[in-house]
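Residue-level structural notes
This is what each chain is made of:
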Amino acid sequence: MVGYFLKDSVKLADKVENNQIDQNKSNNELVLEQSSKTKPRFTRPPKNYANHIPLYTSEKIAMFVVSAIGSFLHPEKNQYIVALGESTAIPPFLKHLRQQMLDDPTGRQILRDRPNITSETLNLEKLASYGENTFGRTYYDWLKREKVSPDTRVPVRFIDDEELAFVFQRYRQCHDFYHALAGLPITREGEIAVKFFEFLNIGTPFAGMGAIFAPWNMKKRSQRRRLLSIYYPWAIESAAHCKNNLINIYWEKIMDKDVGELREELGITKPPDMRELRRRERAERHNK
Amino acid sequence: MSCLRVQTKAFTKGFSMPLTRLFSTGPQLFQAETDTKFTDFGYKQVPEADKEKLVHGVFSSVASSYDVMNDAMSMGIHRIWKRHMINKLDCGMRASSGEPLQFLDVAGGTGDIAFGLLDHAKEKYGDTQSKMIVADINADMLKEGERRSKKTVYADSPRIKFMVQNGEKLDAIPDNSIDVYTVAFGIRNFTDKQAGLNSAYRVLKPGGIFACLEFSKVQDPVLDYFYQIYSFSCLPMMGQFIANDRESYQYLVESIRKHPDQETFANMIRKAGFYVPGKGYENLTFGVAAIHVGVKL
């Protein structure tokens, strides 16, 4: 008990006894030396891949809650959507998806090659030179129309297993291809329609949440009506006819394929052009 | 030999420079190279020459949302801390004196301490002549400060000068020319803190005051535990969602942890040559922040 109060003096006395005191160093220098050996108390587990940020379970839950609320209220802000996608991509779902990839020969090829989709690897200039009806040209035209690029996809950071992180990264990068196949724009309506289609085909929980909850936050009733009456049935029909899981398609290799053929193979139809419909409705409203 | 990786375009935004550099050499080759000194960039070890650029990158990306993030991180308490420091320093040319004071605020890009000091001098002592130099290594933060000065009475006034300066050298500031040197939440970003303190000693007039407001160690272990959870879990996530930049806020939190504690920092101030009155520091909010004061005799 006395030792608790005399702690520092006892330590000093021990040091003097053991000749550990250097008489030539001032207290100032000793304090400076000691402080340079500090060890951080809060450490994260080691990273599994370059961009990995390992989170504790409580942090993951917190991220899920905050990103869910944020993406509902502000779906235009990318950070919420990205975080919600990664926090809902729980290992059971990702393992199921990986198994589906392993069951398919093309899927296995993708897992082996680990292709990364950027504007360089796709060679966008070459795509522009493809024929009118090829998938590559359709994709390129869609990118130009929507004024986006494949480089804006955020890398996966919060998924722990390295291979599962790649699977999710592949899923995220292929999202634009579904847009191009369906011809849907990157407006809120278009995104929800594609997300619903993705959910029905691939089964991502995050896409399902988006399909169920996102329309509630749509301000314009006409948009919601159009979405629910035209595009949701389209998504259900296309997904019903689509035999393959879209994650197993090696998009980079079918860039020169005829897009009509591709759509027929997959069983997808092209829904009514959303931008056209919106323009028409806006014109009608102005004319009234 | 630890492997430092390239993380260039991997970030969404935030860093315009690679965070760390890839060393493909093994241990022997590394020793044969010139003796590169390493320093801390948060918890990462980076070559000294790079730290400046990396810190520059962090603050360029946080400049515009700096205040929003400061408010979110400290729940608005940072304003109270700054106000307390301004009141404690109590600077101003007294009515009977004829010489206006020269203030220097280092790493104070956005200018809140600078304007606060001048306002305090005017309100308490009717001092409308003292001059202020706001120095920051990052031109973006200074631009933000200039923008803000346009909305105050000091807009385009010859009393305030904004200079891009490295706090460790302060090249453009002559010796023995400053009456009050302040640095608020800036010194933890210096590559060589002792050099920064030595420069402060050089530019101050005899009798000049050095005051530093900075994050420090929470003394109580229980409070410290909760504080660490807050700073390591909540803050980066807030940065991720509010500013869409998790990495910059992760760096800020780590740099707080790496900054020396109150006693050590007071000793560093003594080492620079200052007379440190009493303990040398005042803890704010249980040690989350501390004001260190030194006087050049």
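These figures come from a predicted structure and were not determined experimentally.

**Comments concerning the overall build of chain A**
Summing up its helical and strand segments, chain A has 16 helices and zero strands in all. Here the C-alpha atoms of chain A give a radius of gyration of 27 Å, more than 25% beyond the 19 Å that 2.2 N^0.38 yields for 288 residues. Reported as C-alpha extents along the three principal axes, the dimensions of chain A are approximately 90 × 45 × 35 Å. Every one of the 288 residues in chain A was classed for burial, and the buried ones make up 45%.

**Focus on the packing of aromatic side chains**
For the structure shown, the criterion picks out 18 aromatic pairs over all chains. Aromatic side chains Tyr80 of chain A and Phe241 of chain B sit 5.3 Å apart centroid to centroid with 10° between the ring planes, which places their arrangement in the stacked category. Taken together, the residues span two chains, with Tyr80 of chain A in helix α5 (residues 78-88) and Phe241 of chain B in helix α8 (residues 221-242). Grouping residues by exposure puts Tyr80 of chain A and Phe241 of chain B together as buried.

**Looking at the UniProt feature "binding site: Zn(2+)" (unreviewed entry) in chain A**
All names here are of chain A. Mapped onto this structure's residue numbering, the UniProt feature "binding site: Zn(2+)" (unreviewed entry) falls at His175, Asp176, His179 and Glu191. Judged by maximum C-alpha separation, these annotated positions cover 17 residues in sequence but sit close together in space, the widest gap being only 10.0 Å. Position of His179 among the secondary structure elements: in helix α11 (residues 162-182). Residues contacting His179, with those up to four places away along its chain left out, are Trp142, Leu184, Pro185, Ile186, Gly190, Glu191 and Val194. Secondary-structure assignment places Glu191 in helix α12 (residues 188-201). Residue class for Glu191 comes out partly exposed when judged on its relative accessible area of 25%.

**A few points about the nonpolar core**
Within the largest apolar cluster, 62 residues are counted, with the highest numbers of intra-cluster contacts made by Ile159, Phe177 and Trp251 of chain A. Every residue in contact with Trp251 of chain A, bar those within four places of it in the chain, is listed here: Phe135, Arg170, Cys174, Phe177, Tyr178, Leu181, Leu246 and Leu262 of chain A.

**Overview of the UniProt feature "binding site: S-adenosyl-L-methionine" (unreviewed entry) in chain B**
All names here are of chain B. Following the UniProt record, one finds the feature "binding site: S-adenosyl-L-methionine" (unreviewed entry) at Thr110, Asp136, Asn166 and Gly167. Cross-referencing the annotated residues with the lining of the largest cavity gives Thr110, Asp136, Asn166 and Gly167. Within the secondary structure layout, Thr110 lies in the loop between β3 (102-106) and α5 (112-125). On the basis of relative accessibility, which here comes to 4%, the residue Thr110 falls in the buried class. With respect to the helices, strands and loops of the structure, Asn166 is situated in the loop between β5 (160-164) and β6 (178-184). Setting aside anything within four residues of it in sequence, one finds Asn166 in contact with Glu52 and Ile137.

**So, the interface of chain B and chain A**
Contacts between the two partners involve 25 residues from chain B, matched on the other side by 26 residues from chain A. Roughly 2,300 Å² is buried in total at the junction of chain B and chain A, and carbon and sulfur atoms are behind 55% of that figure. If you sort the residues of chain B by the area they bury against chain A, Met237, Phe241 and Arg246 of chain B come out on top, with a joint share of 25%. Seen at the junction of chain B and chain A, the total is one salt bridge. For the pair chain B and chain A, the number of links is four residue pairs in polar contact (both at pLDDT 80 or more).

**Thoughts on the sheet that holds strand β4 (residues 131-136) of chain B**
Residue and element names in this part refer to chain B. As summarised here, the arrangement of the seven strands in space is β5-β4-β3-β6-β7-β9-β8, forming an open sheet in which the pairing is mixed. Either end of the sheet is taken by a strand with one partner, and the two such strands are β5 and β8 (281-284). Pairwise comparison of adjacent strand axes, ignoring direction, gives a mean angle of 15° for this sheet. Sheet topology places β6 next to strand β7 (residues 204-215); six bridges connect them, and they run parallel. Bridging across to β7, Thr182 finds its partner in Ala211. This element, α5, spans β3, β4, β5 and β6 of the sheet and lies at about 170° to β4.

**A short note on the pattern of salt bridges**
All names here are of chain A. Scanning the model with the defined rule gives 27 salt bridges over all chains in all. Residue Arg98 is joined to Glu163 by a salt bridge in which the shortest nitrogen-to-oxygen separation is 2.8 Å. Placement of the pair is Arg98 in helix α6 (residues 91-103) and Glu163 in helix α11, with a sequence separation of 65 residues. With a closest N to O distance of 3.2 Å, Glu252 and Arg170 form a salt bridge. Linking Glu252 in the loop between α14 (221-241) and α15 (259-266) with Arg170 in helix α11, this pair joins segments that are 82 residues apart in sequence. The exposure class of Glu252 is partly exposed, given its relative accessible area of 22%. Taken together, the shared-partner salt bridges connect Glu132, Arg137 and Asp141 into one network.

**Describing empty space enclosed by the protein**
Residue and element names in this part refer to chain B. Tallying each qualifying case throughout the model produces one cavity of 30 Å³ or more. Along its surface, the largest cavity is lined by 31 residues, and Ala107, Asp136, Ile137, Gly186 and Asn189 are the ones closest to its centre. Of all elements in the fold, only α2 (48-62), β3, α5 and β4 reach the threshold of two or more residues within the lining of the largest cavity. Ranked by the residues each element gives to the lining of the largest cavity, the list is headed by α2, at five residues. Tallied by class, the residues present in the lining of the largest cavity amount to 12 nonpolar, 12 polar and seven charged.

**Notes on the packing of helix α4 (residues 57-73) of chain A against α8 of chain B**
At a closest axis distance of 11 Å, the pairing of α4 of chain A and α8 of chain B adopts a crossing angle of 30°. Considered as vectors, α4 of chain A and α8 of chain B are oriented roughly parallel to each other. Between α4 of chain A and α8 of chain B the crossing geometry is right-handed. Note on element contacts: α8 of chain B touches α4 of chain A through Phe232, Ser233, Met237, Gln240 and Phe241 of chain B, opposite Glu59, Ala62, Met63, Val66 and Ser67 of chain A.

**Focus: the side chain of Ser177 of chain B**
Residues and elements named next belong to chain B. The topology assignment puts Ser177 in the loop between β5 and β6. Separated by 2.7 Å, the side chain of Ser177 and the backbone oxygen of Pro174 make a polar contact. Not counting residues up to four positions away in its chain, the partners in contact with Ser177 are Gln102, Val203, Leu204 and Lys205.

Analysis parameters
- Residues numbered from 1 in each chain as written.
- Chains lettered and ligands numbered in written order.
- Predicted model: local features only at pLDDT ≥ 70, side-chain atom pairs only at ≥ 80, totals over all residues.
- Heavy atoms only, no water.
- Helix = DSSP H or I, 4+ residues; strand = E, 2+ residues; numbered from the N terminus.
- Rg over C-alpha atoms; globule rule 2.2 N^0.38 Å.
- Buried < 20%, exposed > 50% of the residue type's maximum accessible area, 1.4 Å probe, protein only.
- Phe/Tyr/Trp six-rings, centres within 6.5 Å; stacked < 30°, edge-to-face > 60°.
- UniProt positions renumbered as here; feature names shortened; annotations may be inferred.
- Contact = heavy atoms within 4.5 Å.
- Core = buried A, V, L, I, M, F, W, Y, C linked by side-chain atoms within 4.5 Å.
- 1 Å grid on protein atoms, 1.4 Å probe; cavity = no way out; pocket = protein on both sides within 12 Å on 5 of 7 lines; lining within 4 Å.
- Buried area = accessible area lost by both parts, 1.4 Å probe.
- Salt bridge = Lys/Arg side-chain N within 4 Å of Asp/Glu carboxyl O.
- Polar contact = N/O pair within 3.5 Å; in protein donor to acceptor, adjacent residues only side chain to side chain.
- Pairing = 2+ DSSP bridges.
- Axes fitted to C-alpha atoms, helices over the stretch in contact; angles between N-to-C directions.
- Points joined across faces, edges and corners; volume = space filled by probe spheres on them.
- Nonpolar A, V, L, I, M, F, W, Y, C, P; charged D, E, K, R; others polar.
- Parallel < 35°, antiparallel > 145°, perpendicular 65-115°, else oblique.
- Left-handed = near helix turned anticlockwise from the far one by under 90°.

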